Amino acid sequence: MLALFPYLKEASITPYLSKDQIAAAREMDLLTYLRRFEPEELVHIGGDTYATRTHDSLKISNGKWCWWSRNIGGTTALDYLTRVEGLSFLDAVQRILGELPRVPTKSEPTALLPKTEFALPPKHADNRRVFAYLRSRGIDAEIINHCIKHGQLYEDAAHHNAVSHNLIVCNRGNLLNGNGFITGVSGSGKSMAAKQEVSALALSTDHDIIIVDPEREYGELVKALGGEVITISASDPNGCHINALDLSEGYGDGREPLVMKSEFIMSLYEQLMGSDKIEPQEKSIIDRSVGNIYREYLKSYQGQPPTLKDLYDDLMKQVNPEAHRIALALELFTVGSLNVFSHQTNINTKSRILCFDIQDLGENLKSVGLLVMLDAIYNRVIQNRKTGKYTHVYIDEIYLFFANGNGSGHGINNYSSEFLYKCWKRFRKYGATLTGITQNVEECLLSNTARMMFANSEFLLMLNQATTDREQLARLLGASDTQMSYVDNAPAGHGLIKVGGAIVPFTNELPKNTELYRLMSTRPGED
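These numbers were taken from a predicted model, which means no experiment stands behind them. (Residues numbered from 1 in each chain as written. Predicted model: local features only at pLDDT ≥ 70, side-chain atom pairs only at ≥ 80, totals over all residues. Heavy atoms only, no water.)

Novice: I tried to follow the side chain of Glu-41 on my own but got confused; where do I start?
Specialist: If you trace the backbone, Glu-41 turns up in the loop between helix H3 (30-37) and strand E1 (42-46). What Glu-41 contacts, discounting residues up to four positions off in sequence, is Leu-34, Ala-51, Thr-52, Arg-53, Thr-54 and Tyr-80. (Helix = DSSP H or I, 4+ residues; strand = E, 2+ residues; numbered from the N terminus. Contact = heavy atoms within 4.5 Å.)

Novice: Please clarify how the nonpolar core should be interpreted in this entry.
Specialist: Core analysis: the biggest nonpolar cluster contains 89 residues, and Phe-264, Phe-341 and Phe-427 have the highest contact counts within it. Considering each element in turn, this core owes the most residues, eleven residues, to helix H14 (residues 362-387). Non-local contacts of Phe-264, meaning those with residues more than four positions away in its chain, are made with Ala-244, Leu-245, Tyr-251, Leu-371, Val-372, Asp-375 and Phe-419. The next biggest cluster of nonpolar side chains, apart from the first, holds 22 residues, and it includes Leu-17, Leu-42, Leu-58 and Trp-67. (Core = buried A, V, L, I, M, F, W, Y, C linked by side-chain atoms within 4.5 Å. Buried < 20%, exposed > 50% of the residue type's maximum accessible area, 1.4 Å probe, protein only.)

Novice: Looking at this model, I keep getting lost on helix H11 (residues 280-294). Mind explaining?
Specialist: Since there are 3.6 residues in each turn of an α-helix, residues three or four apart along the chain are aligned in direction. Over its 15 residues, H11 extends 22 Å from the first C-alpha to the last, a length consistent with the 21 Å expected when each residue adds 1.5 Å. Taken together, the buried positions of H11 are occupied by Glu-282, Ile-285, Ile-286, Ser-289, Val-290, Gly-291, Ile-293 and Tyr-294. At its buried positions, H11 is contacted by helix H10 (257-273), helix H12 (308-317) and helix H13 (321-334). (Expected span 1.5 Å × (residues − 1).)

Novice: What's the story with the environment of His-124 in this structure? I'm lost.
Specialist: Locating His-124 in the fold gives a position in the loop between helix H5 (89-96) and helix H6 (128-136). On the accessibility criterion, His-124 (23% relative accessible area) is partly exposed. Each C-alpha atom, one on His-124 and one on His-159, is 9.2 Å from the other, the two residues being 35 residues apart in sequence. Excluding anything up to four places from it in sequence, His-124 contacts Arg-129, Glu-155, Asp-156, Ala-157 and His-160. A distance of 3.2 Å separates the side chain of His-124 from the backbone oxygen of Asp-126, its partner in a polar contact. (Polar contact = N/O pair within 3.5 Å; in protein donor to acceptor, adjacent residues only side chain to side chain.)

Novice: I tried to follow the pattern of salt bridges on my own but got confused; where do I start?
Specialist: When their charged atoms lie close together, side chains carrying opposite charge are able to pair. In the structure shown here, the tally under the stated rule is 19 salt bridges. With its nearest N and O atoms 2.6 Å apart, the salt bridge here joins Arg-216 to Asp-357. Residue Arg-216 is found in the loop between strand E9 (208-213) and helix H9 (219-224), and its partner Asp-357 is found in strand E11 (residues 353-357); the two are separated by 141 residues along the sequence. A relative accessible area of 40% places Arg-216 in the partly exposed class. Here the salt bridges do not stand alone but share partners, grouping Glu-38, Glu-85 and Arg-95 into one network. (Salt bridge = Lys/Arg side-chain N within 4 Å of Asp/Glu carboxyl O.)

Structural data, given as structure tokens:
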């Protein structure tokens, strides 16, 4: 009987929660809770979007939170504490009310270990534990024995884990969001990685593949795969033209096509003028002119859509001096020598593998060319959606959407990045994936929009990174020093791959004595 007294005494002081206390706890949202009690957990992504340092795929925005890798979410701090941190309802309420302090885990600072070469762990004398484990997971004994016999699998001596030399396979179509980035310094293997994925898609699917190639790196491979290379040049008046104002039925989700087209033109204007020279009233002027020049075309989507020349003419007709200022900014690109995007489109290709070579546009038009290509691709994605066809889009030098490339410092292209972000979101709904390729991670991440896109990407391929880029990515992704060591002075083709919430190192070296390597390599002297 006496043994029960401690239990009875403990039960008698169990806290009681009133209805008012529970109601007060339910009112607190997660962002407010973390700011008040766990500010070290908050990672600002951009705008009103945050992540947590412990769970990089848990995002907080607009009063709600979602843990994407676990497919759970909620609105309140109470939901978070019970579903993510595993607290009891009682403890969660007390934590929110400040009655149950959070005890952080203490960790002693550790000295940085010297960087060592990557090596596989030593083998155990037998593979008994690994064999039993894999059999318990439903893998056939014949398959396990085959992998062990051919050196593709063994049991490590220290921890008895399964060690393999097998492929890392990722189906981006199965992710919540198949969009992603390939990043790395020059010579790290970015274009090689992109080309390998393009080749795999071309040979194993009937999907459309579209590449925007600012540095003429993909043409030879595209031709070998039976695709078509379209060269856009400012110096050839009789060459290929793409109308910057093409507009397919269904553009902008089909509800307000002129809203998105006006945003595209603002992005174009931003690239021409510079992000620091745009006045607020100019958006209204462009909106008005866009409505004027598309009025007849939108009635039936028949005939030819307007061009930048039509926009220029409409702006010049207006009495507003700001309208003339916009028209003058467009003049060189409409009636001047750089008018390559002010003609009607004369490309009508049915090829499923396309490469837009924009190297000949030069530095003055490269960022504009990227924008126009993205808008043209968006129209193609809309058409493919109607026929149920999947589309894969690869854009090199994607940093130009976020930060200006005109040598004027670290200007942020707000309209351009927002237009890219809207395409980024819509592509997923339209049966398409978009992959951005860049070596300028730090310059990208000056933009809050870029930070949000990187943080929300389910797929990220990181090759050798510059020091500042590595630090930025580590903070953004919540990656450990050990993980980031795999992209510090890494050989070409070595790095980290992030798929969903998992980040693992990889080695991807293509044998040099192959035709594929010859088609993919851009290294001088390897022709």
